[in-house]
Amino acid sequence: MKDKKPWIIIGILFILLAIPYFTRNEDTQNTISYIPEHDVNENKPTTESDQSTDIEVVDTTNIPRDAIGIIEIPSLDICYPIYEGATETQLSIGIGHLPETAGLLEKGNCVCCGHNGSSRGKYFTTLSHIRRDAEVKITTKDQRKRTYRVKSTKVVGSHDPSVRKESKEEILKLFTCAYHGTRRFVAECVPINEESEVNEHEVQYQSQ
């Protein structure tokens, strides 16, 4: 009878090498379930034909018929329409608004998400480069406008409940995939105008 030890050792090595693969696959499936059909195209090279299909919006008066608004991040050269919903239908043509969160310019936690790389546009590919205090502008379908500033940024797990946690204050959260879809990069923004009013009241109170 031939010695079976070498085959046993080879089998054990194969199992050890396969574990990381199945772990990554499970993480990817969790990511997809967090945002239905969310495609993870990080670091995908953009070809000349891809650029020709980029649907980036550069005029806030030109809001697509089915969009609920437009988001602008001047420091990142981002300007895209916002659509209600976060399935591949919305995320393939712009930025998606999670319908279970507060509406645009409303009190509460308003959450918007975008692809980290896509053949049709950069969307939120550069969101992780955003700096604290950077401006984020929202224009709604009825031309109401508000400017926010980035209060903080962080990377969280793909199912972290804090992303969609309810809030009594007006908050705008933007997020996209990070680490090849296994985590989320989140930018939390607060309205500038509201903060300015609070600061003015503080100054008046201190001067009395």
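To start, this report covers the structure provided alongside it. Computed from a prediction, not measured in an experiment: that's the story for all the values here.

Parameters and conventions
- Residues numbered from 1 in each chain as written.
- Predicted model: local features only at pLDDT ≥ 70, side-chain atom pairs only at ≥ 80, totals over all residues.
- Heavy atoms only, no water.
- Buried < 20%, exposed > 50% of the residue type's maximum accessible area, 1.4 Å probe, protein only.
- Helix = DSSP H or I, 4+ residues; strand = E, 2+ residues; numbered from the N terminus.
- Pairing = 2+ DSSP bridges.
- Salt bridge = Lys/Arg side-chain N within 4 Å of Asp/Glu carboxyl O.
- Core = buried A, V, L, I, M, F, W, Y, C linked by side-chain atoms within 4.5 Å.
- Contact = heavy atoms within 4.5 Å.

1. Some thoughts on the pairing of strand 1 (residues 69-73)
Part 1 of the argument: The element strand 1 is extensively covered by neighbouring structure, given that four of its five residues are classed as buried.
Part 2 of the argument: Pairing of strand 1 with strand 2 (residues 78-84), which is carried by five bridges, proceeds in the antiparallel orientation. Residue isoleucine 70 lies in a different strand from strand 2, and its bridge partner there is proline 81.
Part 3 of the argument: From the end of strand 1 to the start of strand 2, which pair antiparallel, there are four residues, and aspartate 77 there has a positive phi angle of about 55 degrees.
Part 4 of the argument: With four bridges connecting them, strand 1 and strand 7 (residues 135-140) associate as antiparallel partners. Counterpart to isoleucine 71 in the pairing with strand 7 is isoleucine 138.

2. Here we look at the pattern of salt bridges
Part 1 of the argument: Per the counting criterion, the structure on display carries five salt bridges.
Part 2 of the argument: In this structure, arginine 65 and aspartate 66 form a salt bridge, with 3.9 Å as the shortest nitrogen-oxygen distance. Aspartate 66 shares its class with arginine 65; the two are exposed.
Part 3 of the argument: For glutamate 170, the salt bridge goes to arginine 146, with nearest N and O atoms at 2.8 Å. Within this pair, whereas glutamate 170 is found in the loop between strand 8 (145-157) and strand 9 (171-178), its partner arginine 146 is found in strand 8, the two being separated by 24 residues in sequence.
Part 4 of the argument: Residue classification places glutamate 170 among the buried positions, given a relative accessible area of 5%.
Part 5 of the argument: For arginine 146, a relative accessible area of 24% translates into the label partly exposed.

3. Let's talk about the nonpolar core
Most often, soluble globular proteins have nonpolar side chains that are buried together.
Part 1 of the argument: If you look at the biggest cluster of nonpolar residues, it comprises 27 residues, and the most contacted ones within it are Ile71, Ile73, Ile130, Val136, Leu172 and Leu174.
Part 2 of the argument: Of all the secondary-structure elements, those providing two or more residues to this core are strand 1, strand 2, strand 4 (109-113), strand 7, strand 8, strand 9 and strand 10 (183-191).
Part 3 of the argument: Residues contacting isoleucine 130, with those up to four places away along its chain left out, are Ile73, Leu76, Val136, Val150, Thr153, Phe185 and Ala187.
Part 4 of the argument: Val111, Cys113, Val156 and Phe175 belong to the second largest nonpolar core, which has nine residues in total.

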